[in-house]
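The primary structure of each chain is shown beneath.
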Amino acid sequence: MGMVMRIVGIAVLLFISIVSIGFSQSDEYQGFYHSSFQVSESGASSELSGAWEFYPDLLLEPSDIGLHALDARAIQVPGSWRKAAADGSELQAFGYGTYRTVLVISENQVGQKRALVFHNIGSAYRLWIDGKPYGGVGMVGTNSADETPLLEHRLVEFRPEDRTVELVIQVSNFSFREGGIVQAVKYGDPQTLNRAMFIDTCLAVFLMGAALFMGLYHLIMAMIRKQNRILQLVGCLSFAYGIRTFAMTEHVALAFFPSFSWREMVRMEYAAGASAILLLALLVRRLFPAEANRFLVGSIVAINTILLAIVFCTPSSFFTKLLPYHPLLSLGILLYLLIAVAIKAKKRQRAGATWQIVGISILLIACLNDTLNYIMVLHTFYVMNYAGFLFVLIQGLIAAKRYEQLQVDNRALSSELHELNRLLQLKVEERTQELREQKRELEETQQTRTRLLANVAHDIGTPIAGLHAYMHMLRDGRLQGQELPVYDRMIDKLSSIQRLNQDLLELSKLESRTLPFYVERIPFREWFGQALESLQSEYLLKGVVIECGKEERRWGDEEVQVEVDRHRLWQVMYNLVSNAVKFGLNEECRVILHCWACEENGYLKAQFAVEDFGKGISREHLPYIFQQFYRRSENSEGSGIGLAIVKQIVDQHGGAVKVRNKPEGGCIFTIALPAWTASQ
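Conventions and cut-offs
Residue numbering note: each chain is counted from 1, following its sequence as written. Where local features are concerned, this predicted model is filtered to residues with pLDDT of at least 70; where side-chain atom pairs are given and counted, the filter is 80 or more; whole-chain, interface and lining totals use all residues. Excluding hydrogens and water, the side-chain figures rest on all heavy atoms present in the structure. Counting from the N terminus, the helices are DSSP H or I runs at least four residues long and the strands are E runs at least two residues long. Working definition: with a 1.4 Å probe on protein chains only, accessible area under 20% of the residue-type maximum means buried, over 50% means exposed, and in between means partly exposed. What makes two residues a contact is simply this: any of their non-hydrogen atoms within 4.5 Å. To be clear on the numbers: accessible area is Shrake-Rupley with a 1.4 Å probe, and residue cover counts the displayed protein chains and nothing else. Polar contacts here mean pairs of N or O atoms no more than 3.5 Å apart (in protein, one a potential hydrogen donor and the other a potential acceptor; neighbouring residues in sequence count only if both atoms are side-chain atoms). Here, axes are lines fitted to C-alpha atoms. For helices the fit covers the stretch in contact, and angles between N-to-C directions go from 0 to 180 degrees. Note on angle classes: values under 35 degrees are labelled roughly parallel, values over 145 roughly antiparallel, values of 65 to 115 roughly perpendicular, and the remainder oblique. Left-handed describes a crossing in which the near helix is turned anticlockwise from the far one by less than a right angle; the clockwise case is right-handed. Each residue is assigned to one of three groups, with Ala, Val, Leu, Ile, Met, Phe, Trp, Tyr, Cys and Pro labelled nonpolar, Asp, Glu, Lys and Arg labelled charged, and all others, Gly among them, labelled polar. Throughout, nonpolar core names a set of buried Ala, Val, Leu, Ile, Met, Phe, Trp, Tyr and Cys residues whose side chains join them through atoms within 4.5 Å. A strand pair is defined by DSSP finding two or more bridges across the two strands. Only centres within 6.5 Å qualify two rings of Phe, Tyr or Trp (six-membered ring in Trp) as a pair; their planes then separate them into stacked at under 30 degrees, edge-to-face at over 60, and tilted for everything else. Criterion for a salt bridge: a side-chain nitrogen of Lys or Arg within 4 Å of a carboxyl oxygen of Asp or Glu. A residue counts toward a patch only above 30% relative accessible area and without a salt bridge, and it is joined to like-charged neighbours within 9 Å or, for Val, Leu, Ile, Met, Phe, Trp and Tyr, to nonpolar neighbours within 5 Å. Expected span of a helix, by definition, is 1.5 Å for each gap between consecutive residues, and there is one gap fewer than residues.

A.B. asks: I tried to follow the overall build of the protein on my own but got confused; where do I start?
C.D. replies: For the protein, the helix and strand inventory stands at 14 helices and 21 strands. Taken across its 680 residues, the protein has 45% of its residues classed as buried. Within the protein, contacts between residues at least 6 apart in sequence are counted, and of these 75% link residues at least 24 apart. By element, 57% of the accessible surface of the protein is carried by carbon and sulfur atoms, the whole surface being about 35,100 Å².

Below, the structure is given as structure tokens:
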């Protein structure tokens, strides 16, 4: 920041030096002087810029010029009269005097319609051409009370009667910052000059109207977009520029508002200029808050606020004297905003920084050009109006770009929110489905608990009722001589209760995974053979034939092995065969056991199946056959625990159990277990 301030300070000092040189230049000469201009033969359009005769502190008419020939001084036009005092001392900006020059025209222009264009002559004047009065602008006076100030562009037509045309102009200034003919007088063809004035007027009206329209547009958009500060500042800046252009185009302003006084228009011009600098600082601060120093921006706002107070509270004769200082202030502010803010923002890749550098640079160049042009260091034309319009246009472009980026960000955010909403909706639906599933499971658990209580009550209540009856008969002596058979039946009832209790305990441990498993790797062929022999021996005495059906105990040339708890796997086989004998026998009284090995999804499986020849299981009962305490009817035999125990044991071995009905009757229960070969 210190380096930036040093650069700004050096630039301001350099500019002050140039301005001082410009104001100290002197092209005036004491003593007798005669001014004349040789006009080109075409006479289309030419500026009467150069040395004119000047009679300070004298308001002379053409007839009086000869009497005061020795009072004539040479003065540079366009320019101020502040350095043309008769005694060589410097005149003040406020005063009065008479300008005179002679035009030497070609013969072909004599008697033809010609014209003169007068721009700003401060701050009132009267005109004579070849001794004839041609009116003026405002009211010339020797003091501020007698003078009626007015700045206005004016075209005067006349017909020269000779090749020499004398111009005499009385000028007074008690209101403007500089006295005299401060802009060049133009001579030429009326059509050409009229066209040029018309183009200038149209351009000024266009710039003014475009700026006011942009200001109104941005202020409306700021209200629509919830008091967007950037749009508000751009709108106010556009209005300030439009008002300044309006006030500087006096003939246009008076056409719209004839009652406006010159002082009001000058006040409006200065106030709009100070407001524009103030708004520019606030806008840059809003656009680049990290780069713009809060204290310096606050100082800029405070200084321009003081300038506004001076403009509104002091007469025009006072605040117009601030012109040489206002460009210096504007230059320093623009340099700071360019170097310390915009360029730094560009380095940090802030949005709109490049365009802001372009806009501030345009204003900076225009400020230098107009100031140096005014003090006659440069001989160009004033460009601040055009530069201001370009700057306002660039600010609108920056605001539009920011809004466009905001729209893109909003669309992206909206898309993200839409996607999040979609995912949330899917999550809610998924969670709702989970809750429904949990509710269904809870309801099933409740139903299972209800069935459990009913089945346990039934399975325990029946033996207890039998025991109760036998004990009453024994007490009453009605079973004399039959005690031993009764005792046997009572023991059977108690054994039934004990088995039910044991199954319930085992199922609860399996479900809670607290029942220990003693797993070992054993040959599948060996285990199946032992199970088959044991079952055949047990059921042979009961008249049930246990046959071996499909038997493939090897996988290729290798022995198939399984990792199981022998006792628990035997329990699975025994429960399935027991159910087959209890529910699946017909007149053949046989059950077939199968075993084989196969590959499923790249994994080796050892499988065995129990096939019966009964009625099978109806389709509506198949999905629930492995649930706890599920029985096909209230009168079905069994507790409904055996198949649930089978499923739990198989699941905890990493296997699967399935059941299907055979077309010819009966069903097949199949167990599949993970398997390995001996070499694995």
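Don't stop here, the text continues.
A.B. asks: Help me out: how do you make sense of the side chain of Ser172 in this one?
C.D. replies: Here Ser172 is to be found in strand 11 (residues 164-173). Residue Ser172 is classed as buried on the basis of its relative accessible area of 0%. There is a polar contact of 3.2 Å between the side chain of Ser172 and the backbone nitrogen of Gly141. Excluding residues that lie within four positions of it along the chain, Ser172 makes contacts with Trp81, Gly95, Tyr96, Gly122, Ser123, Ala124, Met139, Val140, Gly141 and Glu147.

A.B. asks: What is the right way to read the packing of helix 3 (residues 229-248) against helix 5 (residues 262-287) from this model?
C.D. replies: Two numbers describe a pair of packed helices, the interaxial angle and the distance between the axes. It is at 8 Å that the axes of helix 3 and helix 5 come closest, and there the two elements cross at 155°. In terms of orientation, helix 3 lies roughly antiparallel with respect to helix 5. By crossing handedness, the relation of helix 3 to helix 5 is classed as left-handed. Together, Arg229, Ile230, Leu233, Val234, Cys236, Leu237, Ala240, Ile243, Arg244, Phe246, Ala247 and Met248 of helix 3 and Met265, Met268, Glu269, Ala272, Gly273, Ala276, Leu279, Leu280, Leu282, Leu283, Arg286 and Leu287 of helix 5 make up the contact between the two elements. Among the residues forming the contact of helix 3 with helix 5, the class breakdown is 19 nonpolar, one polar and four charged.

A.B. asks: Looking at this model, I keep getting lost on the nonpolar core. Mind explaining?
C.D. replies: Where a protein is soluble and globular, its nonpolar side chains tend to be buried together. Core analysis: the largest hydrophobic core is formed by 47 residues, its most contacted members being Leu48, Trp52, Tyr99, Leu103, Leu116, Phe118 and Ile169. Of the residues forming this core, the biggest block, six residues, is contributed by helix 5. Non-local contacts of Leu48, meaning those with residues more than four positions away in its chain, are made with Phe37, Val77, Leu103, Leu116, Leu167, Val185 and Tyr187. In terms of nonpolar packing, the next biggest core, distinct from the first, is built from 46 residues, Ile300, Val301, Leu334 and Leu364 among them.

A.B. asks: Just to check I follow, could you spell out the environment of His567 for this structure?
C.D. replies: Within the secondary structure layout, His567 lies in helix 13 (residues 566-583). Judged by relative accessible area, His567 falls into the partly exposed class, the value being 48%. Residues His567 and Val519, 48 residues apart in the sequence, show an inter-C-alpha distance of 9.7 Å.

A.B. asks: Quick question: what am I supposed to make of the sheet that holds strand 6 (residues 114-118) here?
C.D. replies: Paired through their backbone hydrogen bonds, the strands of a sheet run either parallel or antiparallel. Strand order in this open sheet of four strands is 2-13-6-10, and the pairing throughout is antiparallel. Strands at the two margins of the open sheet, each flanked by one partner only, are strand 2 (45-47) and strand 10 (154-158). Each strand axis lies, on average, 20° off the axis of its neighbour in the sheet, ignoring direction. Of the pairings in the sheet, the one linking strand 6 to strand 13 (residues 186-188) comprises three bridges and is antiparallel in character. Bridged to Ala115 within strand 13 is Gly188. Across the sheet, helix 2 (residues 190-224) touches strand 2, strand 6, strand 10 and strand 13, and the angle it forms with strand 10 is around 170°.

A.B. asks: Would you mind going over the packing of aromatic side chains with me for this structure?
C.D. replies: Aromatic rings considered in pairs are described by the distance between their centres and by the relative angle of their planes. Overall, the coordinates contain 12 aromatic pairs when judged by the stated rule. Considering the side-chain rings of Trp570 and Tyr574, the 5.8 Å spacing of their centres and the 45° angle between planes classify their relative orientation as tilted. With a gap of four residues between them, Trp570 and Tyr574 both fall in helix 13, about one helical turn apart. Given the relative accessible area of 24%, Trp570 is considered partly exposed. Note on Tyr574: relative accessible area 27%, which makes it partly exposed. Members of the aromatic cluster, each reached through a chain of ring pairs, are Trp52, Phe54, Trp81 and Tyr99.

A.B. asks: How do you make sense of the pattern of salt bridges when you look at a structure like this?
C.D. replies: Where side chains of opposite charge bring their charged atoms close, a pairing between them can arise. All chains considered together, the criterion is met by 16 salt bridges. Residues joined in a network through salt bridges with shared partners are Glu53, Arg100 and Glu166.

A.B. asks: Please clarify how a nonpolar patch on the surface should be interpreted in this entry.
C.D. replies: A cluster of nonpolar residues, Leu413, Leu417, Leu420, Leu423 and Leu426, forms a patch on the protein surface that exposes about 450 Å² of accessible area. Turning to its location among the elements, Leu413 is positioned in helix 10 (residues 384-476).

A.B. asks: Could you clarify how one ought to interpret helix 3 in this entry?
C.D. replies: Since there are 3.6 residues in each turn of an α-helix, residues three or four apart along the chain are aligned in direction. Spanning 20 residues, helix 3 covers 29 Å between terminal C-alpha atoms, matching the ideal 28 Å at 1.5 Å per step. Of all 20 residues that make up helix 3, 14 are buried, and the element is covered over most of its length.

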